[in-house]
Amino acid sequence: NTFYYIKNLSDLEIKLKDKLNLRRVLVVAGDTENDIYAFYDLGKKAAEIMLNFIKNDTVLGITGGTTMACTVNHMKSKKGLKNLLVLPARGGLSEELEIQANTIAANLAEKLDARYKLLHIPDNLDKEGLNVLKNNKLINEVLEDIKKINLLVFGLGNAKKMAARRKSDKEVLRKIESENLIAETFGYFFDQDGNVKIETNSVGITLDNFKTIKNAIGVAAGSSKAEAIYAFSKFNNNFILVTDEAAAIRILEL
Ligand code: G3H
């Protein structure tokens, strides 16, 4: 097994940080796609980094997915901080409850004794329906709060897998295939050079918001996400990446 030949993870972290030109890279041992304990380690590492950044007055945004769920499940409680607000970074109700951003945000808030707000907006809504919802007073309030996120923890996915999981419409699937789209995050799809090619009708954080967020932590691992991580880092490199050896080795080969 190739993964265990790398004795020095910090060497891998430095190489990856240089290749992707990121703020900081953390690599956990092994292959999280094929080893549940490695996946737990990824969650623990991501949770540790996230906790370091949580201070009084933090507006913390979190996305959905299995990696974010694992991160919050492995986070230790930290109480006593003042004026914390936790928000789901996007709507999205098409997946199982456990991995929806809303559920994860509520669980995270509980561990921090923080206030939270939820965003009940399904994926793949048509424009008209979306506009009605966006103009709802309560939803609008959450969307305004999302603009104030100063710590974002987000998952990143392989475009094809995410479109299938979110039951995206045929047009989206066709475009992903024909334009060879690689990465997905917060409902946006990117090509291999980090260009945004599709904005699905998802509500929440926008890419312009994202670029201005002071501290962002991306957690994505497994060799099937290697190209997605590489592509997204070309879109924006102002984030900390937490990944695994399998993805790191694959990215360095690209
Ligand atoms: O947008 C990307 C997904 O949220 C990643 O989901 O952590 O289950 O692979 P995952």
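In this text, all values refer to a predicted model and were calculated from it rather than measured experimentally. (Residues numbered from 1 in each chain as written. Predicted model: local features only at pLDDT ≥ 70, side-chain atom pairs only at ≥ 80, totals over all residues. Heavy atoms only, no water.)

J.: Honestly, the packing of aromatic side chains in this entry has me stumped. Any pointers?
T.: How two aromatic rings sit relative to each other is given by the distance of their centres and the angle of their planes. Tallied over the full model, the rule gives eleven aromatic pairs. Here Phe 190 and Phe 235 contribute two aromatic rings whose centre-to-centre distance is 5.1 Å and whose plane-to-plane angle is 55 degrees, an arrangement assigned as tilted. One end of the pair, Phe 190, is in strand S8 (residues 188-190); the other, Phe 235, is in helix H10 (residues 226-235), and 45 residues separate them in sequence. Owing to a relative accessible area of 0%, Phe 190 belongs among the buried residues under this scheme. Assessed through its relative accessible area of 16%, Phe 235 is described here as buried. Each member of the aromatic cluster is reached from another via a ring pair, and the members are Phe 154, Phe 186, Phe 190, Phe 210, Phe 232, Phe 235 and Phe 239. In this structure, Lys 234 is placed above the aromatic ring of Tyr 230, and the distance from its NZ or CZ to the ring centre is 4.1 Å. (Phe/Tyr/Trp six-rings, centres within 6.5 Å; stacked < 30°, edge-to-face > 60°. Helix = DSSP H or I, 4+ residues; strand = E, 2+ residues; numbered from the N terminus. Buried < 20%, exposed > 50% of the residue type's maximum accessible area, 1.4 Å probe, protein only. Lys NZ or Arg CZ within 6 Å of the ring centre and 35° of its normal.)

J.: How should I be thinking about the packing of H10 against helix H11 (residues 245-253) in this particular structure?
T.: The axes of two packed helices give the description: the angle between them and the distance between them. Here H10 crosses H11 at 65 degrees, and the two axes come no closer than 8 Å. For the element pair H10 and H11, the recorded crossing hand is right-handed. Contacts between H10 and H11 involve Ala 226, Glu 227, Ile 229 and Tyr 230 from the first element and Ala 247, Arg 250 and Ile 251 from the second. Within the contact of H10 with H11, the residues separate by chemical class into five nonpolar, no polar and two charged. (Axes fitted to C-alpha atoms, helices over the stretch in contact; angles between N-to-C directions. Left-handed = near helix turned anticlockwise from the far one by under 90°. Contact = heavy atoms within 4.5 Å. Nonpolar A, V, L, I, M, F, W, Y, C, P; charged D, E, K, R; others polar.)

J.: Looking at this structure, I do not really get a nonpolar patch on the surface. What am I missing?
T.: A surface patch of nonpolar side chains, amounting to about 330 Å² of accessible area, comprises Ile 36, Tyr 37 and Tyr 40. As for its placement among the helices and strands, Tyr 40 is situated in helix H2 (residues 36-53). On the accessibility criterion, Tyr 40 (32% relative accessible area) is partly exposed. (Patch = residues over 30% accessible without salt bridge, like charges linked within 9 Å, V, L, I, M, F, W, Y side chains within 5 Å. Areas by Shrake-Rupley, 256 points an atom, 1.4 Å probe, with all protein chains shown as cover. Salt bridge = Lys/Arg side-chain N within 4 Å of Asp/Glu carboxyl O.)

J.: What should I look at first to understand the site of the ligand in this one?
T.: The ligand sits among 13 residues. The nearest are Thr 66, Thr 67, Arg 165, Glu 184 and Lys 225. Arg 165 places a side-chain nitrogen or oxygen 3.0 Å from an oxygen atom of the ligand. Between an oxygen atom of the ligand and a side-chain N or O atom of Lys 225, the distance comes to 2.6 Å. When the ligand is considered free in solution it has 300 Å² of accessible area, and contact with the protein chains removes 95% of it. Structurally, the ligand is housed in the largest cavity. Going through the elements one at a time, helix H3 (66-73), helix H7 (159-165) and strand S7 (183-185) are the ones with two or more residues in the shell around the ligand. (Near = heavy atom within 4 Å. Polar contact = N/O pair within 3.5 Å; in protein donor to acceptor, adjacent residues only side chain to side chain. 1 Å grid on protein atoms, 1.4 Å probe; cavity = no way out; pocket = protein on both sides within 12 Å on 5 of 7 lines; lining within 4 Å. Sits in = over half its atoms within 2 Å of the grid points.)

J.: Any chance you could explain the sheet that holds strand S10 (residues 215-219) here in plain terms?
T.: Read across the sheet, seven strands follow the order S1-S11-S10-S5-S2-S3-S4 without closing on themselves; strand pairing throughout is parallel. With one partner strand each, in any of the chains shown, strand S1 (24-28) and strand S4 (115-116) form the two edges of the open sheet. Relative to strand S3 (residues 85-88), strand S2 (residues 59-62) runs parallel, the two being bridged by four bridges. Note on S3: the bridge partner recorded for Val 59 is Leu 85. (Pairing = 2+ DSSP bridges.)

J.: In this structure, what is going on with the sheet that holds S7? I would like to understand it.
T.: Two pairing modes exist for strands in a sheet, parallel and antiparallel, and in both the strands are linked by backbone hydrogen bonds. If you walk across this open sheet you meet the four strands as S6-S7-S8-S9, and the pairing is antiparallel. What marks the edges here is a single partner per strand, and that holds for strand S6 (157-158) and strand S9 (196-199). Against the sheet, helix H8 (residues 170-178) engages S8 and S9, with an angle of about 170 degrees to S9. Contacts from H10 reach S6, S7, S8 and S9 within the one sheet, and its direction differs from that of S7 by about 65 degrees.

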